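# Structure at a glance
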Amino acid sequence: MSAITSTDLPGFKKISSGKVRDLYDFNDTLLFVATDRISAFDVILSSGIPGKGKLLTQISTFWFDKLFPIILSDGTQVGHHLLEKNVEKMGLPAAAIDALQDRTLQVKKCDIVKIEAIVRGYITGSAWSEYKKTGTVNGAPIRPGMQESEKFDEPLFTPSTKADQGEHDENISVEEYRRRIPEPLASRIEEAAITIYKRASEYAATKGIILADTKLEFGVDANGTLVVVDEILTPDSSRFWPAAGYQVGKGVDSFDKQFVRDWLKSVGFDKNNPIGPEIPDDIVKQTAEKYYEGYRMLTQ
Ligand SMILES: Nc1ncnc2c1ncn2[C@@H]1O[C@H](COP(=O)(O)OP(=O)(O)O)[C@@H](O)[C@H]1O
Ligand SMILES: [Mg+2]
């Protein structure tokens, strides 16, 4: 199986190409196509991971089916953007179907809220780096004496900016988040993100997986309803830790990308070079296996 790192749909208007996904206009909806591209430190690498886009798509639809709808404390409902996951039912030209199979969702066109809604249950990554220096996470003081990878007393909402292509997202305080996002949207997104994190982590625990943190994107659909857009609870947007390997006081390897990230660090990868390196075949293969293992553990 070879990696699909770009798509081209003759007759369709490509409206964006992100780190992983290509978006096409399709009547009043969007075709949301997950390629096999992989990014690390916000740089798209030259090699793809065969089958990754299909696995990410299957993981997202699994969660969309499982977690929604969500009713918030003010009685409003939060939905998701997925309209159709079966390419055969989208009314696409026959020639397009093969390439799009299993990696394409037809989704509602939404106004994207320009924020990354991150929820953390465990202290790791940039939160751990900040805490070690200042005792804070996204600027807010956290109980002293926490160790690396320890569980927070309660899941934390730690938003970041949604950077333009090639830029890096930046963590912001909840106060700054509330300055940027108007009410009641800000409170609804925060509550929805925490609810999704809690439900998903309870489920993941039954499969031997710790959901350390996750990043969600929200939008508003044509009816003004708040919806979760983009991918949801995939290994690209979340840290999944095998519960069996979990230990407080040290870093935990997640499924998936950590592998490529560690390899990049070991070869002295320059984050500021916009052209990502080729990944050696054995790292590609092991990473593909990791994605598959994560998918299997979660969904079966
Ligand atoms: N329902 C939607 N309507 C409009 N835009 C969307 C929708 N769902 C996702 N998007 C946008 O599509 C892009 C997905 O591509 P991706 O490769 O994941 O991007 P990124 O590099 O930003 O992670 C994101 O910019 C996201 O904001
Ligand atoms: Mg994305």
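What you see is a predicted model, and the numbers here were worked out from it, not measured in a lab.

### Side note on the packing of aromatic side chains
Given two aromatic rings, one states the distance between the centres and the angle between the planes to describe the pair. Applying the stated criterion across every chain yields a total of twelve aromatic pairs. Relative to tryptophan 241, the ring of tyrosine 122 lies with its centre 5.6 Å away and its plane at 65°, an arrangement referred to as edge-to-face. Here tryptophan 241 lies in strand β18 (residues 238-242) and tyrosine 122 lies in strand β11 (residues 115-122), a separation of 119 residues in the sequence. Both residues of the pair, tyrosine 122 and tryptophan 241, belong to the buried class. A ring pair is formed by tyrosine 122 and tyrosine 246, whose centres lie 5.7 Å apart and whose planes are at 80°; its orientation type is edge-to-face. Here the residue tyrosine 122 occupies a position in strand β11, and tyrosine 246 occupies one in the loop between β18 and α6 (258-266), the gap between them amounting to 124 residues. Through a chain of ring-to-ring contacts, the aromatic side chains of Phe62, Trp63 and Tyr203 assemble into a single cluster.

### Re the sheet that holds strand β2 (residues 21-26)
Taken in spatial order, the five strands make up an open sheet running β1-β2-β3-β9-β8, and their pairing is antiparallel. What marks the edges here is a single partner per strand, and that holds for β1 (14-17) and β8 (82-84). Strand after strand, the sheet turns through a mean of 35° between neighbouring axes, direction not considered. As paired strands, strand β3 (residues 29-34) and strand β9 (residues 104-108) are joined by five bridges and run antiparallel to one another. If you follow leucine 31 over to β9, its bridge partner there is glutamine 106.

### Concerning the packing of helix α1 (residues 52-67) against helix α7 (residues 281-299)
The geometry of a pair of packed helices is captured by two quantities: the angle between their axes and the separation between those axes. Orientation of α1 relative to α7, taken along the N-to-C sense of each, is 20°, at an axis distance of 10 Å. In this view, α1 runs roughly parallel relative to α7, as classed from their interaxial angle. The way α1 lies across α7 gives a crossing that is left-handed. For the pair α1 and α7, contact is made by Lys52, Leu55, Leu56, Gln58, Ile59, Phe62 and Trp63 and by Tyr291, Tyr292, Tyr295, Leu298 and Thr299, respectively.

### Description of the environment of alanine 204
The topology assignment puts alanine 204 in helix α5 (residues 185-205). Sequence separation between alanine 204 and threonine 104 is 100 residues, and the spatial gap between their C-alpha atoms is 25 Å. In contact with alanine 204, not counting residues within four places along its chain, are Ile209 and Leu298.

### Remarks on the site of ligand 1
Ligand 1 sits among 16 residues. The nearest are Lys19, Val20, Arg21, Lys108 and Glu217. Within the backbone of lysine 19, a nitrogen or oxygen atom sits 2.8 Å from an oxygen atom of ligand 1. For ligand 1, a nitrogen atom lies 3.2 Å from a polar atom in the backbone of aspartate 230. Here ligand 1 has 550 Å² of accessible area as a free molecule, and 85% of this is covered by the chains. When contributions to the shell around ligand 1 are tallied by element, the ones reaching two or more residues are β2, β3 and β9. Here the shell around ligand 1 is composed, by residue class, of eight nonpolar, two polar and six charged. Two domains each put at least three residues into the shell around ligand 1: domain 1 (14-109) and domain 2 (112-299).

### Quick word on the UniProt feature "domain: SAICAR synthetase/ADE2 N-terminal" (unreviewed entry) in the protein chain
Residues annotated in UniProt with the feature "domain: SAICAR synthetase/ADE2 N-terminal" (unreviewed entry) correspond here to residues 15-267. Between the C-alpha atoms that bound residues 15-267 the distance is 35 Å, and the span itself is 28% helix and 30% strand.

### So, the environment of tyrosine 295
By secondary structure assignment, the location of tyrosine 295 is in helix α7. Remark: the alpha-carbon pair of tyrosine 295 and leucine 55, spanning 240 residues in sequence, is separated by 6.7 Å. Leave out the neighbours within four places in its chain, and tyrosine 295 touches Leu55, Gln58, Ile59 and Gln300.

### Some remarks on α5
Taking 1.5 Å of rise per residue, the 21 residues of α5 would be expected to cover 30 Å, and the 30 Å separating its terminal C-alpha atoms lies within 8% of that figure. Turning to α5, its buried residues number three or more, namely Ala186, Ile189, Glu190, Ala192, Ala193, Ile194, Ile196, Tyr197, Ala200, Ser201, Tyr203 and Ala204.

### With respect to the domain arrangement of the protein chain
Per the domain assignment, the segments making up the protein chain are domain 1 (14-109) and domain 2 (112-299). Placing a centre on the C-alpha atoms of domain 1 and another on those of domain 2 gives a separation of 19 Å. Every contact between the two is made by 43 residues of domain 1 and, on the other side, 48 residues of domain 2. Roughly 4000 Å² is buried in total at the junction of domain 1 and domain 2, and carbon and sulfur atoms are behind 68% of that figure.

### Focus on the pattern of salt bridges
Applying the stated criterion to the full structure yields 21 salt bridges. Close ionic contact of arginine 188 with aspartate 74 constitutes a salt bridge, the shortest N to O distance being 2.8 Å. Residue arginine 188 is located in helix α5, and its partner aspartate 74 is located in the loop between β6 (70-71) and β7 (77-80); the two are separated by 114 residues in the primary sequence. Taking the relative accessible area as the measure of exposure, aspartate 74 reaches 44% and is therefore partly exposed.

Reading the values: the criteria
- Residues numbered from 1 in each chain as written.
- Chains lettered and ligands numbered in written order.
- Predicted model: local features only at pLDDT ≥ 70, side-chain atom pairs only at ≥ 80, totals over all residues.
- Heavy atoms only, no water.
- Phe/Tyr/Trp six-rings, centres within 6.5 Å; stacked < 30°, edge-to-face > 60°.
- Helix = DSSP H or I, 4+ residues; strand = E, 2+ residues; numbered from the N terminus.
- Buried < 20%, exposed > 50% of the residue type's maximum accessible area, 1.4 Å probe, protein only.
- Pairing = 2+ DSSP bridges.
- Axes fitted to C-alpha atoms, helices over the stretch in contact; angles between N-to-C directions.
- Parallel < 35°, antiparallel > 145°, perpendicular 65-115°, else oblique.
- Left-handed = near helix turned anticlockwise from the far one by under 90°.
- Contact = heavy atoms within 4.5 Å.
- Near = heavy atom within 4 Å.
- Polar contact = N/O pair within 3.5 Å; in protein donor to acceptor, adjacent residues only side chain to side chain.
- Areas by Shrake-Rupley, 256 points an atom, 1.4 Å probe, with all protein chains shown as cover.
- Nonpolar A, V, L, I, M, F, W, Y, C, P; charged D, E, K, R; others polar.
- Domains from an automatic or database assignment.
- UniProt positions renumbered as here; feature names shortened; annotations may be inferred.
- Expected span 1.5 Å × (residues − 1).
- Buried area = accessible area lost by both parts, 1.4 Å probe.
- Salt bridge = Lys/Arg side-chain N within 4 Å of Asp/Glu carboxyl O.

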